[in-house]
Amino acid sequence: MSVLWDVVIVGAGPAGLAAAIYTGRAGRATLVLEKMVPGGQILLTDWVENYPGFPDGVAPFDLMQGFRKQAERFGARIETDEILTLERSAAGWLLKGRGGPYEGRAVILAMGSAYRRLGLPNEDRLTGRGVSYCAVCDGAFFAGRDVAVVGGGDNALKESVFLTKFARRVSLIHRRDRFRGERVYQDRVLANDKIRVHWDTVVEAIRGRERLESLALRNLKDGTVSELEVSGLFVSIGTEPRTDILKGLLALNEWGQIKAGPGLTTSAPGVFAAGDVSDACPKQVATAVGTGVHAALSAEEYLSELA
């Protein structure tokens, strides 16, 4: 028989660990389950410069280790497991993972989202070494350098314009002959003389030894292959919230994110959502932390009403 926890938190990124700090500090028996290394997507960046309280920036690993130690100091238990199913139980909710069942009176879902990747050799190896998935997070590191962005939606267009604040030149690589993003963002890209658009083009190879050095580009119309020397590559082809196990159980929006109501409640009683997995969180560390805290406070209120 599984142990009954007051709160089970799925995900140990900024949102999940922030929630654990608050539920633990409230005296609630808290279990945090993470299928990978605690820290979340933030660990894919080189350096965090925009988190309040660190004027000189902070290493992502160091920041998240601080989150983890603080959560554990308040009694939260952190275990490694991948949750496969979530279902109602007599006491609340039963979560089944590869390592065993877990039961909680309340659940906070903070699984985050995964950046869509190009799926090319060297992409994983050079992530954090020139390859990035967040211009706001890493753009300032490429001041005065040439960078590339892959994508054609709103986010790719906005990131391209944002990067012109730092980069010498931005090459925007899009597989089609027209953008998918809103007209206002298209106009800003096309009017910016620091941005060069590569239409009908895909990245065929990512090259570099210790850091990113260049990209092999292939034109889809004529098949020609060219080399583009860049120091940074920003992949902006969307994200996928980790909500596969929730389909049919919770209300999700058209992008697969959990629909979060007031207090970050979900369509199921006693289940709350925080961070990128919800539709209520811009993809920044500070906002993920805020939603984690909010979800924890709502979970505490929910548990107090059950008593």
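Use the structure listed above.
Residues numbered from 1 in each chain as written. Predicted model: local features only at pLDDT ≥ 70, side-chain atom pairs only at ≥ 80, totals over all residues. Heavy atoms only, no water.

Caption draft 1: How the structure looks around helix 6 (residues 285-306). Between its first and last C-alpha atoms helix 6 spans 32 Å; for 22 residues at 1.5 Å apiece the expected length is 32 Å, and the two agree. Residues Val285, Ala288, Val289, Thr291, Gly292, Val293, Ala295, Ala296, Ser298, Ala299 and Leu303 constitute the buried set of helix 6. Looking at the buried side of helix 6, the elements it contacts are strand 1 (4-10), helix 1 (14-25), helix 2 (60-73), strand 6 (101-109) and strand 17 (271-273). (Helix = DSSP H or I, 4+ residues; strand = E, 2+ residues; numbered from the N terminus. Expected span 1.5 Å × (residues − 1). Buried < 20%, exposed > 50% of the residue type's maximum accessible area, 1.4 Å probe, protein only. Contact = heavy atoms within 4.5 Å.)

Caption draft 2: Main features of the sheet that holds strand 11 (residues 195-198). Taken in spatial order, the five strands of this open sheet run 8-15-9-10-11, and their pairing is parallel. The two strands at the open ends of the sheet, each matched to only one other strand, are strand 8 (131-132) and strand 11. Taken together, the five bridges between strand 9 (residues 146-150) and strand 10 (residues 169-173) define a ladder with parallel strand orientation. Across the sheet, Asp146 pairs through a bridge with Arg169, a residue of strand 10. (Pairing = 2+ DSSP bridges.)

Caption draft 3: Summary view of the pattern of salt bridges. Inspection of every chain in the model, using the stated rule, returns 14 salt bridges. The residue Arg105 makes a salt bridge to Asp6 at a minimum N-O spacing of 3.1 Å. Residue Arg105 is located in strand 6, and its partner Asp6 is located in strand 1; the two are separated by 99 residues in the primary sequence. Taken as a pair, Arg105 and Asp6 share a single burial class, namely buried. Between Arg116 and Glu240 there is a salt bridge, with its nearest N and O atoms 2.9 Å apart. Within this pair, whereas Arg116 is found in the loop between strand 7 (113-115) and strand 8, its partner Glu240 is found in strand 16 (residues 239-241), the two being separated by 124 residues in sequence. (Salt bridge = Lys/Arg side-chain N within 4 Å of Asp/Glu carboxyl O.)

Caption draft 4: Just the sheet that holds strand 13 (residues 214-219), in detail. With respect to topology, three strands assemble into an open sheet ordered 12-13-14, the strand pairing being antiparallel. Of all strands in the sheet, those bounded by a partner on one side alone are strand 12 (201-207) and strand 14 (225-229). In this sheet, neighbouring strand axes are inclined to one another by 30° on average, regardless of whether the strands run parallel or antiparallel. Bridge count for strand 13 against strand 14 is five bridges, and the pairing is antiparallel. Residue pairing in the sheet places Leu215 in a bridge with Leu228 of strand 14. (Axes fitted to C-alpha atoms, helices over the stretch in contact; angles between N-to-C directions.)

Caption draft 5: Examining the environment of Arg169 more closely. Here Arg169 shows up in strand 10. The spatial distance from the C-alpha of Arg169 to the C-alpha of Val147 is 6.4 Å, given a sequence separation of 22 residues. Not counting residues within four places of it along the chain, the set of residues in contact with Arg169 comprises Arg145, Asp146, Val147, Asp193, Lys194 and Arg196.

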